[in-house]
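Working through the structure, step by step
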Amino acid sequence: MFMIEKSSIDDLAIFGGPSAFALPKSTSNLLQPDFDRFMAYSDLFLQAQQYTDGGPAVQLLERRLADFHQAADCVTFCSGFWALALTIAALAFPGKSEIIMPSLTYRRMPDIAAWIKLKPHFCEVEPSTLAVSAETVAPHINADTALILAPHPIVNNCDVAGLLCLAEERNVPLLFDSVESVYEATADGKVGGLGHAEAFSLHACKLLNGYGGGYVTTRDVNLARQLRALRRYGMDESGRAIFPDGMNASLNEMHAAMALASLDDVEQQVQRNRERYYTYRRGLVSLPGIRLLEFDDSHATGYKNIVVELLDDWPLSRDETIRILNAENALVRAYYSPPLHQKPMEFAYVPTQLPVTDQLAERFMNLPCGHLISNQDIERIVDLLAFIAAKWAPIRARLDAQGAA
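Analysis parameters
Residues numbered from 1 in each chain as written. Predicted model: local features only at pLDDT ≥ 70, side-chain atom pairs only at ≥ 80, totals over all residues. Heavy atoms only, no water. Helix = DSSP H or I, 4+ residues; strand = E, 2+ residues; numbered from the N terminus. Rg over C-alpha atoms; globule rule 2.2 N^0.38 Å. Buried < 20%, exposed > 50% of the residue type's maximum accessible area, 1.4 Å probe, protein only. Contact = heavy atoms within 4.5 Å. Areas by Shrake-Rupley, 256 points an atom, 1.4 Å probe, with all protein chains shown as cover. Lys, Arg positive; Asp, Glu negative; His and termini not counted. Charge placed at Lys NZ, Arg CZ, Asp CG, Glu CD. Expected span 1.5 Å × (residues − 1). Arc of directions from axis to C-beta. Right-handed = clockwise from strand over helix to strand, strands pointing away.

The subject of this paragraph is the overall build of the chain. Helices and strands together make up the secondary structure of the chain, namely 13 helices and 13 strands. In summary, the chain has a C-alpha radius of gyration of 22 Å against a globular reference of 22 Å for 405 residues, a match within 12%. C-alpha extents for the chain along the principal axes are approximately 70 × 55 × 40 Å. Split into buried and exposed, the 405 residues of the chain put 56% on the buried side. Counting only contacts in the chain whose residues sit at least 6 apart along the sequence, the fraction spanning at least 24 positions is 69%. Accessible surface computed for the chain: about 17000 Å², of which carbon and sulfur atoms make up 50%. Each charge class in the chain was averaged separately, 35 positive and 49 negative side chains, and the resulting centres sit 3 Å apart.

Another point: the pairing of strand S1 (residues 73–77). For S1, the buried fraction is high: five of the five residues fall into the buried class. Of the two faces of S1, the one lined by Asp73, Val75 and Phe77 and the one lined by Cys74 and Thr76 are each fully buried.

Before going further, it helps to examine helix H2 (residues 56–68). In this model, H2 (13 residues) spans 18 Å end to end at C-alpha, consistent with the 18 Å of a helix rising 1.5 Å per residue. Along H2, the residues that are buried comprise Ala57, Val58, Leu61, Glu62, Leu65, Ala66 and Phe68. What you see down the axis of H2 is that its buried residues fit within an arc of 160°, all on one side. In H2, those exposed residues whose orientation departs by more than 90 degrees from the buried face are Arg63 and Asp67.

Here we take up unusual backbone geometry. In this structure, the amide linkage connecting Ser337 to the following residue, Pro338, adopts the cis form with an omega of 0°. Looking at where Pro338 falls in the secondary structure, it is placed in the loop between strand S12 (333–334) and helix H11 (355–360). Of note in the backbone geometry, Gln70 takes a positive phi value of approximately 60° without being a glycine. Take Gln70: it is sitting in the loop between H2 and S1. A positive phi angle is found at Tyr336, which is not glycine, with a value near 40°. Relative to the elements of secondary structure, Tyr336 occurs in the loop between S12 and H11. Judged by relative accessible area, which is 21%, Tyr336 ranks as partly exposed.

What follows is about the pairing of strand S3 (residues 119–123). With four of five residues buried, S3 is to be regarded as a mostly interior element. Taken together, strand S2 (residues 98–102), helix H4 (residues 109–115) and S3 constitute a β-α-β crossover, and its handedness is right-handed.

Structure follows, in structure tokens:
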């Protein structure tokens, strides 16, 4: 392991010193499942000589994911983006024009809405969870509401019980964006079996790595049938065109084989993630100015992502802290910043003032985590944060001098 000790601020990489890590430390999961398992699952489609369009590996993956999430059905897609987009298109009330979503979420959400010809109607999140709740969504429901999109945050879950009740009371379709909550459960059941449907990703940054892909779980057999047609040019299993707005969005067999191998490893992954999380928690507990978002382990959780809040007594800005750590090859990232309602958009949306989101968007950051991060790496990252806290005054002076120059 190549790591550089810091004794003065001249040792910081941002001021010309060597980086603490020779290899970048990412905030993505980047799981590398067992190669022999991947090849064994690949034999399924190699023997069948079917490489796409719902072959044996995809069929097996859909059955296993439905069982894993305790859902009635699972439909796979070529990406999480199209899993979300086609499910929104299928669920949204015809003739309605708005989709309610938080501003503190995935950067492509407004693009998905625009593709479906819906207007994003952004809402606040709860400061305690960084997620939407019935209270933050309800004021935005109106006669034009086509759907509620409720993403789970990067750590823990959104207000599932409240949102389920709200959607039923107001008769509005509810789709959970569950890309960061593959392993999670709530008091209302396991994530994947809730609402009208739930969308997931098989991107390499997620818990289950299909090196691309996505899927939707649902208890609605008619919705599952519609989604299978939409991902196949709008055609049913007999080849009859039943939906005019379908597209080619099928998951291919090689990606399914990779996802199956990842699913085999999920319990071991969660255990490794738990060890990383507790290493962070032990290191950060005595560091003033930084608050670790703790996982609620009263229900099942995957412990994958590490998010911290920089408090008022942290001496540098969030963006300055990120610049310093990035120079050390600790690829820390801002948490969903800037928020979506602050970004320029070239399509219709509902302008909204979101002061809570504006404030939260400046305070949180994601720390390195995942398959390629060791406990020793984590201890080093905590040491770097402690060094920044101890040397903040000369660091501030040097940063100011660089800015002036």
